[in-house]
Amino acid sequence: MNMFNSIKTSANNKIIVTDLTRKLALGPENVIARIAFAYSLSKNIKLSVSDLKDSKGKEYNKNVLFGQYLTYYIALICTHYNLYKTDKDIPKYIKLHIDHGLELLDEEFRNNSNVTGFEFIVQKVENGLQNLI
């Protein structure tokens, strides 16, 4: 299942991930990329591989990006797009959702500049838990 070694964000999102990492203080850049990935998927939007942006941004080794949880992140993509775990487009969908999530996070924090990273995470977890009830 090792179909890729790294993922690169778009050039614009390299700046965004650096800014969000500094502003939110939630950990290293790979943590922000994971949050962006999950945030994008949480919107339940199907992205198209034809909309892939450039790959001139921040590069994440798959082990750094997902750590020991790579199979879980791939499972999320497979479930969302109804793909098998060896589908050749999985890395493209991962990149799409990281770039999309970074743009969503950037917009959210531009509109709510007083919200801290911790407050954002707690609010999203609370909203998610309430949706389960």
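Counting from 1, residues in each chain are numbered in the order their sequence is written. At least 70 in pLDDT is required for a residue's local features to be given in this predicted model, at least 80 for side-chain atom pairs to be given and counted, and no such filter applies to totals for whole chains, interfaces and linings, which use all residues. The basis for every side-chain value is the complete set of non-hydrogen atoms in the structure, without hydrogens or water.

**Student:** Explain the packing of helix 2 (residues 29-42) against helix 4 (residues 70-81) here, please?
**Tutor:** Relative orientation and spacing of two packed helices are given, respectively, by the angle between their axes and the distance between those axes. Axis geometry follows a simple rule: fit a line to the C-alpha atoms, using only the stretch in contact for helices, then measure angles between N-to-C directions, giving values from 0 to 180 degrees. Helix numbering and strand numbering both begin at the N terminus, where a helix is a DSSP run of H or I of at least 4 residues and a strand a DSSP run of E of at least 2. Their axes nearest at 11 Å, the elements helix 2 and helix 4 cross at an angle of 20°. As judged from the angle between their axes, helix 2 and helix 4 are roughly parallel. Crossing hand, helix 2 versus helix 4: left-handed. Contacts between helix 2 and helix 4 involve Arg34, Phe37 and Leu41 from the former and Tyr73, Leu76, Ile77 and His80 from the latter. Gly is placed with the polar residues, together with every amino acid not listed as nonpolar (Ala, Val, Leu, Ile, Met, Phe, Trp, Tyr, Cys and Pro) or charged (Asp, Glu, Lys and Arg). Considered class by class, the residues forming the contact of helix 2 with helix 4 number five nonpolar, one polar and one charged. Roughly parallel means an angle under 35 degrees; roughly antiparallel, over 145; roughly perpendicular, 65 to 115; everything else is oblique. Take the far helix as the reference: if the near one is turned anticlockwise from it by less than a right angle, the crossing is left-handed, and if turned clockwise, right-handed. Note on contacts: a residue pair is in contact if any heavy atoms of the two residues lie within 4.5 Å.

**Student:** Help me out: how do you make sense of the layout of surface pockets in this one?
**Tutor:** Picture a little ball the size of a water molecule; that probe, rolled over the atoms, points out where space is still empty. Each pocket or cavity is described by its volume, and for the largest pocket that value is around 260 Å³. Both cavities and pockets are sets of points on a 1 Å grid over the protein atoms alone; in a cavity a 1.4 Å probe fits but cannot get out, in a pocket the set is open with protein on both sides within 12 Å along at least five of seven lines, and lining residues sit with an atom within 4 Å of a point. Lining the largest pocket, in full, are Ile35, Ala38, Tyr39, Ser42, Lys43, Phe120, Ile121, Lys124 and Val125. Of all the secondary-structure elements, those providing two or more residues to the lining of the largest pocket are helix 2 and helix 6 (117-132). The residue inventory of the lining of the largest pocket, partitioned by class, reads six nonpolar, one polar and two charged. Grid points are joined across faces, edges and corners, and a volume is the space filled by probe spheres set on the points.

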